[in-house]
Amino acid sequence: MQNLMVTGGAGFIGSNFVRYMLQKYAGYRIVVYDKLTYAGNLDNLKDVQRDFGARYAFVHGDVCDAAAVRAAIHQHQVDSVVNFAAATHVDRSLMEPDEFIRTDVFGTHVLLEAAKAFGLERYHQVSTDEVYGEVLEGRSRETDSLHTRSPYSASKAGGDMLCIAYYTSFDVPVTITRGSNNIGPYQYPEKVVPLFVTNAIDDQPLPLYGDGSQMRDYQYVVDHCEGIDVVLHQGEIGEIYNLGIGAETRNIDMTHAILDILGKPRSLIQPVKDRPGHDRRYALDVSKIRALGWEPNHSFEEAIEDTVRWYVENEWWWRPIKSGVHYQQYYQQQYQGREV
Ligand code: NAD
Ligand code: TYD
């Protein structure tokens, strides 16, 4: 495994993964294959191009385009694929589910077909804890059944099932990680943490859904990348690994932490109408990946502190996004008149 194709590598987690892998493995070459949707951004890879240009290439393409996927694999002599490409925001999946089903299900199928045709060494699917559905008590194990409740999680579950099918039916060497909510540098400011941090910096309201008691297992993105690396090298083919801290934080406590770090008043919190079908809690049992030797390097407190600091120090990255027409239109559609 030396020539990786990282699909969706211009997004949040994918770009952190590319940076992490090129820094760690001097012998690796990475080709990022990305459609550059609103969430894909070459600014995320600016330093990668500068620091690792000789071992890094970018291909602009759609994972649903089988001919383009095959051409990229052939041209760059790819031996393994790590798939981050997806439509990823739950709220958008409620407004426009088509793109979720197209990329997250059909796109996964196209990549698996290519992995089969080229006899790739590994196909790794980056999945999510959301496939288990809301877990009001206890913790999800990899063997649990899936109870998806949003078009996003249903599409991701479809991708996972296809991976298992290609492993079972065609011996495609598949691994899957199901990660919890990531936070850190380069996260598009539609997701709650970068949205709240950047709004708070500008003294704008923080739109908190419902009563704020929903829980997420927020983990630092680089820890997640390290976990994927561990599964790539030590994971068992055909296996699924949960990947998160294994400790949940209520949204209201996450919001207080952001405001406290920035020294901003709690009066910035604006309660808004809840998300339809809002999953109250995700919680992972992470003993399987811990048995491979992986453990997170950041507690929630450290992760949120580092994340807030990055957005404070990198306005060059998020201000152009937030002032753009696409973002402004989305923000209006999503939040206007939603106050309760
Ligand atoms: P993101 O939205 O920041 O990035 C997605 C990337 O995929 C973008 O660069 C986009 O241009 C690209 N893309 C979208 N459709 C494509 C297509 N048809 N063809 C090629 N490229 C396409 O997402 P993210 O937060 O970095 O998430 C990456 C992966 O990790 C996703 O599969 C997501 O389901 C999973 N995941 C995310 C989280 C999280 O907290 N963000 C947690 C667990 C798992
Ligand atoms: P989000 O970042 O969209 O991730 P996901 O829903 O995939 O876990 O949301 C994280 C939590 O924050 C979720 O419980 C919904 C909540 N939330 C808000 O309260 N306000 C917001 O504006 C957003 C985007 C999310």
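Here's a quick rundown of the structure. (Residues numbered from 1 in each chain as written. Chains lettered and ligands numbered in written order. Predicted model: local features only at pLDDT ≥ 70, side-chain atom pairs only at ≥ 80, totals over all residues. Heavy atoms only, no water.)

A word on the overall build of the protein. For the protein, the count of helices and strands is 13 helices and 13 strands. A compact globule built from 340 residues would reach a C-alpha radius of gyration of about 20 Å, and the protein, at 19 Å, matches this within 12%. The principal-axis extent of the C-alpha atoms belonging to the protein is close to 55 × 45 × 40 Å. Looking at the protein as a whole, 57% of its 340 residues are labelled buried. Residue pairs in contact within the protein that sit at least 24 positions apart in sequence constitute 85% of those at least 6 positions apart. Here the protein displays about 13,800 Å² of accessible surface, and carbon together with sulfur accounts for 50% of that area. One way to put it: in the protein the 32 positive side-chain charges average out to a point 2 Å from where the 46 negative ones average out. (Helix = DSSP H or I, 4+ residues; strand = E, 2+ residues; numbered from the N terminus. Rg over C-alpha atoms; globule rule 2.2 N^0.38 Å. Buried < 20%, exposed > 50% of the residue type's maximum accessible area, 1.4 Å probe, protein only. Contact = heavy atoms within 4.5 Å. Areas by Shrake-Rupley, 256 points an atom, 1.4 Å probe, with all protein chains shown as cover. Lys, Arg positive; Asp, Glu negative; His and termini not counted. Charge placed at Lys NZ, Arg CZ, Asp CG, Glu CD.)

Okay, the site of ligand 2 next. The local shell around ligand 2 holds 20 residues, among which Glu-130, Arg-216, Arg-275, His-278 and Tyr-335 are the closest. Within the side chain of Asn-181, one N or O atom sits 2.8 Å away from an oxygen atom of ligand 2. Between ligand 2 and Tyr-209 there is a distance of 2.9 Å, counted from an oxygen atom to a backbone nitrogen or oxygen. In the complex, the protein chains occlude 97% of the 510 Å² of accessible area that ligand 2 would expose alone. Listing elements by their share of the shell around ligand 2, those giving two or more residues are helix 4 (90–95), helix 7 (192–201) and strand 8 (206–209). Grouping the constituent residues of the shell around ligand 2 by class yields 9 nonpolar, 5 polar and 6 charged. (Near = heavy atom within 4 Å. Polar contact = N/O pair within 3.5 Å; in protein donor to acceptor, adjacent residues only side chain to side chain. Nonpolar A, V, L, I, M, F, W, Y, C, P; charged D, E, K, R; others polar.)

Each strand in a sheet pairs with another by means of backbone hydrogen bonds, the pair being arranged parallel or else antiparallel. Taken together, the 7 strands give an open sheet; going across it, the order is 3-2-1-4-5-6-11, and neighbouring strands pair in parallel fashion. Looking at strand neighbours, the two that pair on one side only are strand 3 (56–60) and strand 11 (240–243), the edges of this open sheet. On average, each strand axis in the sheet is inclined to that of its neighbour by 20 degrees, with strand direction left out of account. In this structure, strand 1 (residues 3–7) lies alongside strand 2 (residues 29–34), joined through 5 bridges in parallel fashion. Residue pairing in the sheet places Met-5 in a bridge with Val-31 of strand 2. Sitting on the sheet, helix 1 (residues 12–24) is in contact with strand 1, strand 2, strand 3 and strand 4 (80–83), with an inclination near 165 degrees to strand 1. Most of the contacts of helix 5 (residues 98–118) go to strand 5 (residues 122–128), to which it runs at about 160 degrees, and overall it touches strand 1, strand 4, strand 5 and strand 6 (174–179). (Pairing = 2+ DSSP bridges. Axes fitted to C-alpha atoms, helices over the stretch in contact; angles between N-to-C directions.)

Shape is all these values report; function is a separate question.
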